[in-house]
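As a plain string of letters, each chain reads:
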Amino acid sequence: QVQLVESGGGLVQAGGSLRLSCATSGLTFNGYTQGWFRQAPGKEREFVGCINWSGFSTYYANAVKGRFTISRDKAKNTMYLQMNSLKPEDTAMYYCAAGDPAAWGSRSSARYDYWGQGTQVTVSS
């Protein structure tokens, strides 16, 4: 059974940093894609970024490019989202997701098959 669990969210001031973690289990197949999405109240779920199975290729939404970095520790079965220079508009529930290789490079949540429960990130001004 595939499970994804996010952690690391919290309250941070604008300009600060947070690192989110996504612990995964059951993703034993090679080639899968993992991604991060976020959703603010009243808005649709928004693509943040994704990383391929090897961990060498990443793809980011323009809104976070240059500020957020996705990485993966295969030994720990954990994906990370390092968020720097946070802005109030980054406030959202953040979700990690997993899908097949075709999901990489896509901004659509429909391309991902497995989801975590989310972790809240709140950025104050």
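The following paragraphs examine the structure supplied in this document. Note that this is a predicted model, so its numbers are computed, not measured. (Residues numbered from 1 in each chain as written. Predicted model: local features only at pLDDT ≥ 70, side-chain atom pairs only at ≥ 80, totals over all residues. Heavy atoms only, no water.)

## Quick look at the sheet that holds strand E8 (residues 78-83)
A sheet is described by the order of its strands in space; here four strands give the open sequence E1-E3-E8-E7, paired in antiparallel fashion. Of all the strands in the sheet, the pair left with one neighbour each is strand E1 (3-7) and strand E7 (68-73). Neighbour to neighbour, the strand axes of the sheet diverge by 15° on average, direction disregarded. Relative to strand E3 (residues 18-25), E1 runs antiparallel, the two being bridged by five bridges. Residue Leu 4 lies in a different strand from E3, and its bridge partner there is Thr 24. (Pairing = 2+ DSSP bridges. Helix = DSSP H or I, 4+ residues; strand = E, 2+ residues; numbered from the N terminus. Axes fitted to C-alpha atoms, helices over the stretch in contact; angles between N-to-C directions.)

## Things to note about the packing of aromatic side chains
The description of two aromatic rings rests on the distance between their centres and on the angle between their planes. Tallied over the full model, the rule gives six aromatic pairs. Consider the rings of Phe 37 and Tyr 112, whose centres lie 5.2 Å apart with planes at 80°: the pair is edge-to-face. Taken as a pair, Phe 37 in strand E4 (residues 33-39) and Tyr 112 in the loop between strand E9 (92-99) and strand E10 (114-115) lie far apart in primary sequence, 75 residues in all. As far as the burial class goes, Phe 37 and Tyr 112 line up, both buried. Where Tyr 112 meets Trp 115, the ring centres are 6.2 Å apart and the plane angle is 65°; that geometry is what we call edge-to-face. A relative accessible area of 26% places Trp 115 in the partly exposed class. Feature note: the residues Phe 37, Phe 47, Tyr 59, Trp 104, Tyr 112 and Trp 115 constitute an aromatic cluster, connected by ring pairs. One residue, Arg 45, lies across the ring of Tyr 95, its end atom 3.9 Å from the ring centre. (Phe/Tyr/Trp six-rings, centres within 6.5 Å; stacked < 30°, edge-to-face > 60°. Buried < 20%, exposed > 50% of the residue type's maximum accessible area, 1.4 Å probe, protein only. Lys NZ or Arg CZ within 6 Å of the ring centre and 35° of its normal.)

## Some words on the state of the cysteines
On inspection of all chains with the given rule, the structure shows one disulfide. The disulfide partner of Cys 22 is Cys 96, and the S-S distance across this bridge is 2.1 Å. In this structure, the disulfide formed by Cys 22 and Cys 96 twists by about 65° around the S-S bond and is classed as right-handed. In this pair, Cys 22 is assigned in strand E3 and Cys 96 in strand E9, connecting sequence segments 74 residues apart. Residue Cys 22 shares its accessibility class with Cys 96, and that shared class is buried. (Disulfide = S-S within 2.5 Å.)

## A few points about the pattern of salt bridges
Per the stated rule, a full pass over the model turns up three salt bridges. One salt bridge connects Arg 38 with Asp 90, and the closest N-O pair in it is separated by 2.8 Å. With a gap of 52 residues between them, Arg 38 in strand E4 and Asp 90 in the loop between E8 and E9 connect regions that are remote in the sequence. Judged by its relative accessible area of 0%, Asp 90 is buried. A salt bridge links Arg 67 to Asp 90, with the shortest nitrogen-to-oxygen separation between them at 2.8 Å. Of the two residues, Arg 67 is situated in the loop between strand E6 (58-60) and E7 and Asp 90 in the loop between E8 and E9; the sequence distance between them amounts to 23 residues. For Arg 67, a relative accessible area of 11% corresponds to the buried category. Sharing partners across several salt bridges, the network here consists of Arg 38, Glu 46, Arg 67 and Asp 90. (Salt bridge = Lys/Arg side-chain N within 4 Å of Asp/Glu carboxyl O.)

Interpretation note: all reported values are geometric properties and have no functional meaning in isolation.
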